[in-house]
Amino acid sequence: MIVVNLDVMLAKRKMSVTELSQRVGITMANLSILKNGKSRAIRMSTLDAICAALQCQPGDVLEWRPGEAVQEDRPGPQVPQETQVPPEPRVPQEPQAPQEPQAPPEPAAAAPKSPPKRRPAAQKTAQPKAKAKEPAPSRPRQPRKPAQPREPAPVRYLTVDTYGSRLNLRDSGSRSGNVVARLPSGAKVELLETQGAWVRVRWEDKTGWALSAYLKEL
């Protein structure tokens, strides 16, 4: 069976799981599943990133030991369903005798309606008209203050920290991007933009994207 020695390499490099997760770019949950040996597969790109962060070989992380192989989950035996009992036949009911028709009731005599009472009209009292309000004097407009120019944002510089190896500078913020340059360890770059675990930097006359886990502020 395959044994994952990720915790051994973390102890040798004196690195925590949180720091390794930031450097590789995967979540803590997936890294814990891989470290505990509960993962069924691992991508080549993830293994490449782990070896680059720990500065080791794939054989240092994965080891084959003789033993029982991991078996896939197989469905258990199906339980037979119970047979349904057919419903009992209904007994036909005897027909009821027809009822005799009843005579309609005689209409009641309508009571005479009394004429509606009229209410006396209320006398309207004349109300004095309100005086028109005088317009308020207009205030003189004050001249607007000229807008002050904004100060430019301070330039931030970073340094490459890859334990002696080179850092790939890609044309997009993903591992599938093309490599445009390889930054040496200790190189000074200018920070232009941040997008998740990737940052866009300028090194000499080239601009590209790199993983922020391998960069530190000066």
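The structure contained in this document is the topic of the report that follows.

## Structural notes on the packing of helix α2 (residues 17-24) against helix α3 (residues 28-35)
Two elements in contact, α2 and α3, have axes whose closest approach is 10 Å; the angle formed by their N-to-C orientations is 115°. Considered as vectors, α2 and α3 are oriented roughly perpendicular to each other. Crossing geometry of α2 relative to α3 is assigned as right-handed. Across the interface between the two elements, Val17, Thr18, Leu20 and Ser21 from α2 touch Met28, Leu31 and Lys35 from α3. In terms of residue class, the contact of α2 with α3 is built from four nonpolar, two polar and one charged.

## Some words on the environment of Trp198
Relative to the helices and strands, Trp198 is located in strand β7 (residues 198-203). Note: C-alpha distance between Trp198 and Leu211 (13 residues apart in sequence) is 4.7 Å. Not counting the four nearest positions on each side in its chain, Trp198 is found in contact with Arg170, Gly173, Ser174, Arg175, Trp209, Ala210 and Leu211.

## Focus: the nonpolar core
Leu6, Leu20, Leu54 and Leu215 are the most contacted members of the largest nonpolar core, which has 35 residues in total. With six residues, helix α4 (residues 44-54) is the single largest residue contributor to this core. When residues no more than four places from it in sequence are discounted, the contact partners of Leu6 are Leu20, Leu31, Lys35, Ile50, Leu54 and Val61.

## Side note on unusual backbone geometry
Of note in this structure, Gln55 is not a glycine but carries a positive phi near 55°. One can find Gln55 in the loop between α4 and α5 (58-61). Positive phi values are uncommon outside glycine, yet Glu204 reaches one of about 55°. With respect to the helices, strands and loops of the structure, Glu204 is situated in the loop between β7 and β8 (206-211).

## Section: the environment of Thr27
The topology assignment puts Thr27 in the loop between α2 and α3. Residue Thr27 is classed as partly exposed on the basis of its relative accessible area of 45%. In terms of polar contacts, Thr27 uses its side chain to reach the side chain of Asn30, at 3.2 Å.

How each quantity is defined
- Residues numbered from 1 in each chain as written.
- Predicted model: local features only at pLDDT ≥ 70, side-chain atom pairs only at ≥ 80, totals over all residues.
- Heavy atoms only, no water.
- Axes fitted to C-alpha atoms, helices over the stretch in contact; angles between N-to-C directions.
- Helix = DSSP H or I, 4+ residues; strand = E, 2+ residues; numbered from the N terminus.
- Parallel < 35°, antiparallel > 145°, perpendicular 65-115°, else oblique.
- Left-handed = near helix turned anticlockwise from the far one by under 90°.
- Contact = heavy atoms within 4.5 Å.
- Nonpolar A, V, L, I, M, F, W, Y, C, P; charged D, E, K, R; others polar.
- Core = buried A, V, L, I, M, F, W, Y, C linked by side-chain atoms within 4.5 Å.
- Buried < 20%, exposed > 50% of the residue type's maximum accessible area, 1.4 Å probe, protein only.
- Polar contact = N/O pair within 3.5 Å; in protein donor to acceptor, adjacent residues only side chain to side chain.

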